[in-house]
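So the chains spell out like this:
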Amino acid sequence: MDIRSQVAMVFHLDKCIGCHTCSIACKNVWTDRKGADYMWWNNVETKPGTGYPTQWENQEEYKGGWMVKDGKLQLRLTSKGKFLQKIFHQPSLPTMDEYYEPWTYRYEDLFNGPEQDDQPTAIPVSKVTGQYIDIEAGPNWDDDLGGSPLYARNDVNLSALSEEQRLQLLSIETLVMFYLPRICNHCANPACVAACPSGAIYKRGEDGIVLINQNVCRGWRYCVSACPYKKVFYNWSTGKSEKCLLCYPRVETGQAPACFHSCVGRIRYMGVLLYDADKIEAAGLKPDAELVTAHRDLLADPNDPAVIESARKNGVTEQVLQSARKSPVYRFVKDWGLALAPHPEYRTFPSLFYVPALGPVTYSMENGVALNPTSTEEIFAPLEQARLPMSYLASLFGAGQEAPVRYAMKKMLAIRTWKRATEVGDVDLKVALAGLREADCDPEQAEAIYRLTSLCSFEDRFVIPASHREQAVEVLTNPLERKGAAGFGFREAPQRGF
Amino acid sequence: MLTNFLFVGFPYVALVLAIVVSILRFTWRPFSYSSLSSQFLETESLFWGSSLWHWGILWVLSGHLFAFFLPEAILAWNARPLRLYLLELTGLSMALLALVGVVALIVRRFTDRRVKVVTSPLDVVLLAVLLYQVASGIDVAIRYRWGSAWFSTNAAPYLWSLLKLAPRPELIAPLPWMVKLHFLSGFLVILLLPFTRLVHFLVVPIFYYWRRPQVVIWNRKGLR
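Residues numbered from 1 in each chain as written. Chains lettered and ligands numbered in written order. Predicted model: local features only at pLDDT ≥ 70, side-chain atom pairs only at ≥ 80, totals over all residues. Heavy atoms only, no water.

Draft legend 1. The side chain of Glu42 of chain B, seen in detail. All names here are of chain B. Checked against the element boundaries, Glu42 lands in the loop between helix H1 (2–28) and helix H2 (44–69). Among the polar contacts listed, one links the side chain of Glu42 to the backbone nitrogen of Leu46, at a separation of 3.3 Å. Beyond its immediate chain neighbours, meaning those up to four positions away, Glu42 contacts Arg108, Asp112 and Val115. (Helix = DSSP H or I, 4+ residues; strand = E, 2+ residues; numbered from the N terminus. Polar contact = N/O pair within 3.5 Å; in protein donor to acceptor, adjacent residues only side chain to side chain. Contact = heavy atoms within 4.5 Å.)

Right, dumping it as structure tokens:
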């Protein structure tokens, strides 16, 4: 047993309104720089949709994540033997065209334009070349199904659907969408770390945040290809890779990251998970059908004495252990089984879990025509009448398995019905209770889920222990030596080349 | 006098600067060590340029190194004409690959609108010198044949004499100017090495083969 601590996350998609406030908060803090201007460490996608970069889920093309080969876990990108062959040209690297070319407008033309008959205009110019640009794509080009069916049709997850279901999703009366906010998953088995030729990417032992040492990165670009979620970005100006750092200066002081803090729908939760690093490899070798369970088995019970002992041996502090017992993430993932990792079949074991979106799942269909619900019974119709096919969500969150997704959705629906019965009273309490039992839930748990979902305060959502990095530094070096050099990063301008 | 300056003074300046500046740069400006890849901005013509250039030049370079370390082995190999032809032909074709590659890279640098943005003056100088180095090498191979033989008898002893701090420029003084220029631009490449993106050659990630797949750094176990 090798228990480590991980700062983990839950995004409750049922509450996401797709406002992109998280993306803007991140952009303003971290990526408003030359070379990083195209990066969105946090982005919000509309699903069904192709996402950012386009079709990032298509691992046939991008070769991200892990695969099992000859009974061993291997990067999909390359075997160790053929590793250096790809260093001169990375065949599966997405280029700027797969993201988008960042642009601005020449606003000064509005003021400096010559006197003429027509109004002056601010033409779009590329932020790379400074030349006029014909804008062809953006980071959320298919927002709210814009451009569908051109974009939505190319969603990789749709391949799990029947032709009929696909047609239904694309016709205007029955279409459905939800939002998927994405940041780096700070995986337990990160493919980017394993692929980095220079060993520049590392996982912090204390909190599991995955970072790139900018002084060691040599721009070989393997990480960009290897990350199946395409959350490592190449800074084309400095020639170094960059990624989401989970606002670690904030997390270290017990604050929520910028994207979490600014979330309008309050969909984001952050807390500590303890996991057994010794089990990772065996879990990664499990077949697709068992991956969700294997991932949950990695997560250790913070009340188990053996777990606590092993964690202490690894230097996990009492404060961290305490907050692990109060972790909202542990409740959503382990206690309640509501939250699921994105694409577990990539075998990186993300530390970010999603509660799948329930609404608008219910809808009745007659001869292919969708009917508006007219009664409470119809609003709380069974999952079988869901407008979004379960197989779609299974492709996204269940490695193709419907069971774990169905379990979560069923429980959420049962709680919704239960609350309707207790608060409004137009649903029979007995029926609602039977529904709860059927969904592996009881009134007590239903109440707890309801509270953490709907009435959660800031302190409920973010249970983040402040780190003790300052103490750890004191053990190793004289802090006065570092006085004046304190802070994070290096004090050299990130300039390209020599 | 000129010979001493060009083939004793200049090589030493280039070598010393290459070593000292590379180390200083690695220590003081580690952030500047990068391949500065532009594949993210343009990938298709880079595939041809970069692949042909790197594979071609790696074979040519290892040929030079082999002849430098084991000149007698080359002479013994060349004892049979067929083997001599085979060696020369392989070297020449690899050099041609590198030539096509470097030309493709130069064309790409000056035609792609995005790649132009990330091109520095030193990149241009470096590409020009590399182009000259490969072109002059091919010219020598065609006009002054059996280079693998005279490399072993003249060039290798001269280069060794430099390393042993007992320079013998007279070994290459009688060689044609084209050959001498090839030497000079070779030393120029060494001189340019620490100042340009060529430093990526010094940090080729061979350690990847020995390291564990996951890197976990604990604060309490030491700072990095």
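From this point, things continue past the structure.
Draft legend 2. Looking closely at the pattern of salt bridges. Residues and elements named next belong to chain A. This structure, assessed with the given rule, holds 23 salt bridges over all chains. Here Asp2 and Arg4 are joined by a salt bridge, their closest N and O atoms 3.2 Å apart. The two residues Asp2 and Arg4 agree in class, both being buried. In this structure, the salt-bridge partner of Asp14 is Arg416, at a minimum N-O distance of 3.3 Å. You can see Asp14 sitting in the loop between strand E1 (3–12) and helix H1 (21–30) and its partner Arg416 sitting in helix H16 (residues 402–424), a full 402 residues away along the chain. (Salt bridge = Lys/Arg side-chain N within 4 Å of Asp/Glu carboxyl O. Buried < 20%, exposed > 50% of the residue type's maximum accessible area, 1.4 Å probe, protein only.)

Draft legend 3. Layout of the interface of chain A and chain B. Across the contact, 67 residues belong to chain A and 50 residues belong to chain B. Both faces considered, chain A and chain B share a buried interface measuring about 5500 Å² in area, 59% of it formed by carbon and sulfur atoms. Broken down residue by residue, the surface that chain A buries against chain B is led by Phe88, Arg218 and Phe498 of chain A, which jointly contribute 16%. One can count three salt bridges joining chain A with chain B. The salt bridge partner of Asp97 of chain A is Arg114 of chain B, with a shortest N-O separation of 2.7 Å. Summed over the shared surface of chain A and chain B, the number is 32 residue pairs in polar contact (both at pLDDT 80 or more). Of all elements in the fold, only helix H5 (191–195), strand E8 (201–204) and helix H20 (469–476) of chain A reach the threshold of two or more residues within the side of chain A that touches chain B. When the residues that make up the side of chain A that touches chain B are grouped by side-chain class, the tally is 32 nonpolar, 21 polar and 14 charged. Across two bridges, the pairing between E8 of chain A and strand E1 (residues 216–217) of chain B is parallel. Along E1 of chain B, the bridge assignment pairs Lys203 of chain A with Val216 of chain B. (Buried area = accessible area lost by both parts, 1.4 Å probe. Nonpolar A, V, L, I, M, F, W, Y, C, P; charged D, E, K, R; others polar. Pairing = 2+ DSSP bridges.)

Draft legend 4. Inspection of the packing of aromatic side chains at higher detail. Under the counting rule described, the total for this entry stands at 36 aromatic pairs over all chains. Aromatic pair Tyr208 of chain B and Tyr209 of chain B: ring centres 6.5 Å apart, planes at 75 degrees, arrangement edge-to-face. One cation-aromatic arrangement involves Lys27 of chain A over Trp40 of chain A; the distance from NZ or CZ to the ring centre is 4.6 Å. (Phe/Tyr/Trp six-rings, centres within 6.5 Å; stacked < 30°, edge-to-face > 60°. Lys NZ or Arg CZ within 6 Å of the ring centre and 35° of its normal.)

Draft legend 5. Seen up close, the domain arrangement of chain A. All names here are of chain A. One can read the domain layout of chain A as domain 1 (3–105 + 134–251) and domain 2 (284–461). Averaged C-alpha coordinates put domain 1 and domain 2 at centres separated by 24 Å. At the interface, 52 residues of domain 1 touch 48 residues of domain 2. Approximately 3900 Å² of surface area, both sides summed, lies buried where domain 1 meets domain 2, with 65% of it carried by carbon and sulfur atoms. Contact with domain 2 buries area across many residues of domain 1, yet Ile3, Val10 and Asp14 alone supply 17% of it, more than any other trio. Linking domain 1 with domain 2 are one salt bridge. (Domains from an automatic or database assignment.)

Draft legend 6. Region of interest: the environment of Val125 of chain B. Counting through the fold element by element, Val125 of chain B comes out in helix H6 (residues 121–143). Owing to a relative accessible area of 39%, Val125 of chain B belongs among the partly exposed residues under this scheme.

Draft legend 7. Quick peek at empty space enclosed by the protein. Residue and element names in this part refer to chain A. The final tally for this structure, using the stated rule, is nine cavities of 30 Å³ or more. Volume-wise, the largest cavity comes out at about 110 Å³. Forming the boundary of the largest cavity are 16 residues, of which Cys184, Asn185, Cys187, Cys192 and Cys227 lie nearest the centre. When grouped by side-chain class, the residues that make up the lining of the largest cavity number 11 nonpolar, three polar and two charged. (1 Å grid on protein atoms, 1.4 Å probe; cavity = no way out; pocket = protein on both sides within 12 Å on 5 of 7 lines; lining within 4 Å. Points joined across faces, edges and corners; volume = space filled by probe spheres on them.)

Draft legend 8. Highlighting the sheet that holds strand E12 (residues 268–276) of chain A. All names here are of chain A. Taken in spatial order, the four strands make up an open sheet running E13-E12-E1-E14, and their pairing is mixed. At either margin of the open sheet sits one strand with a lone partner, and together these are strand E13 (299–300) and strand E14 (352–355). The sheet strands contacting helix H12 (residues 318–325) are E1 and E12, and the helix crosses E12 at an angle near 115 degrees. (Axes fitted to C-alpha atoms, helices over the stretch in contact; angles between N-to-C directions.)

Draft legend 9. Spatial organisation of the pairing of E14 of chain A. Residues and elements named next belong to chain A. Judged by which residues are buried, E14 turns out to be covered on both faces: Leu352 and Tyr354 on one side and Phe353 and Val355 on the other are all buried. In this structure, E1 lies alongside E14, joined through four bridges in parallel fashion. Across the sheet, residue Val10 finds its bridge partner in E14, namely Phe353.

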